[in-house]
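Chain and residue survey
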Amino acid sequence: LLSFTLKIGVSVAILAYLILSRDIRWSDFTTVGPLFLLAAFLCIMLQLFLTGVRWWILLRTAGIRLSFPEVVSLEMQGAFFSLVIPGGSVGGDLIKAGIIAKRSPQGERFIGVFSILMDRLCGLSGLLLATLLACAACLGEIRGFSEQARVGIALMCLVCAGVLCVCAVVFFYDLLYRIRFFRFFLKIADRYSKGMFKRAARAVAMYRRRWRLILALILVSCFVFFPILGAPVWILANATLPAHQEYMPCLMVSNISQTIAAIPISFGGVGTRDIAATKMLEALSWTKPESVTVPLLVTLLSTLALLSGAVFFIFDPARKIKR
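Residues numbered from 1 in each chain as written. Predicted model: local features only at pLDDT ≥ 70, side-chain atom pairs only at ≥ 80, totals over all residues. Heavy atoms only, no water.

1. Some thoughts on the nonpolar core
Cys-135, Ile-153, Leu-236, Met-252, Met-280 and Trp-286 are the most contacted members of the largest nonpolar core, which totals 50 residues. Within the residue set of this core, elements represented by two or more residues are helix H1 (2-21), helix H2 (34-61), helix H5 (109-137), helix H7 (147-170), helix H10 (211-240), helix H11 (247-261), helix H12 (272-283) and helix H13 (290-307). Ranked by the residues each element gives to this core, the list is headed by H10, at eleven residues. The residues contacting Cys-135, other than those within four sequence positions of it, are Ile-142, Ile-153, Met-156, Cys-157, Met-252 and Ile-256. Of all hydrophobic cores here, the second largest spans 29 residues; its members include Trp-55, Leu-59, Ala-200 and Ile-218. (Core = buried A, V, L, I, M, F, W, Y, C linked by side-chain atoms within 4.5 Å. Buried < 20%, exposed > 50% of the residue type's maximum accessible area, 1.4 Å probe, protein only. Helix = DSSP H or I, 4+ residues; strand = E, 2+ residues; numbered from the N terminus. Contact = heavy atoms within 4.5 Å.)

Following this line, the structure appears as structure tokens:
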């Protein structure tokens, strides 16, 4: 609860800083037409829907035969709880894990829960790869940034490449049991965790045998999911700025801000995502208020999309409430 409260405080402080330091007024948000807002919102909802599709594929790969509507419903419920309960995205994943454990066949519950982690790894790998490719495609624009901004982007790309390598190593985690040094410590860990590490190794091995599918999901996340998630920045930019804005720089801004938001120091990435996007847009020569209002509108629409998961929770026919 203390961590949850502190993260909310960080988000509020950053948002207040952005609004006050740029002298943003309420009237600055009213220049966007409702059709543009609707189009941006639908892009965010589509990305959430496709995330549910990815998880459904991973569940079927593991032999968990939940229906497609049920998986999409669980995905939306997890998105909702990641916003409203302490723990952020981890809290939402725990809710999904509890529900999926109850609905998985006996003996397959661990595999069903592990699919959530595998889905996270595919999504994170796709985001990091998309960020690196977007920065590479926008080298011309980045060369015009200040030296401080160029150094920051270069360091971020190095971190992204490093974390991407770590994600790749996770897919070979089970091979550690073949090395005597690691096997000794893993056996001790299994003794105190009732075999959890060994079950995780079996799950990793099972998914690695389907490496072509996993690679395809990562690439689809990179080239489909995150370009769709970047579309709201481009849509709102062209709704507010007099000159036409190219898509690729907007995608780079979206990917970088989403990557920064993955650092768990604010409430659901709110605040950190906005200040990163604002700094990037200012480096692209956007002036206020658009450099602030566009990221804040994207955050508002994303929050509304996550809150819509409450509808799936309330009307979930498989949820049984004990009275």
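2. Describing the packing of aromatic side chains
The full count for this structure, using the stated rule, is twelve aromatic pairs. Ring geometry for Trp-26 versus Phe-29: centroids 6.2 Å apart, planes at 40°, classification tilted. Owing to a relative accessible area of 70%, Trp-26 belongs among the exposed residues under this scheme. Note on Phe-81 and Phe-313: the rings are 5.1 Å apart at their centroids and 85° apart in plane angle, and the pair reads as edge-to-face. Residue Phe-81 is found in helix H3 (residues 68-84), and its partner Phe-313 is found in helix H14 (residues 309-314); the two are separated by 232 residues along the sequence. Here the aromatic residues Phe-181, Phe-182, Phe-184 and Phe-185 are joined through ring pairs into a cluster of three or more. The ring of Trp-55 has Lys-96 lying over it, and the distance from NZ or CZ to the ring centre is 4.4 Å. For Arg-199, the ring lying beneath its charged end belongs to Phe-110, and the centroid distance is 5.1 Å. (Phe/Tyr/Trp six-rings, centres within 6.5 Å; stacked < 30°, edge-to-face > 60°. Lys NZ or Arg CZ within 6 Å of the ring centre and 35° of its normal.)

The analysis is restricted to geometry; functional conclusions fall outside its scope.
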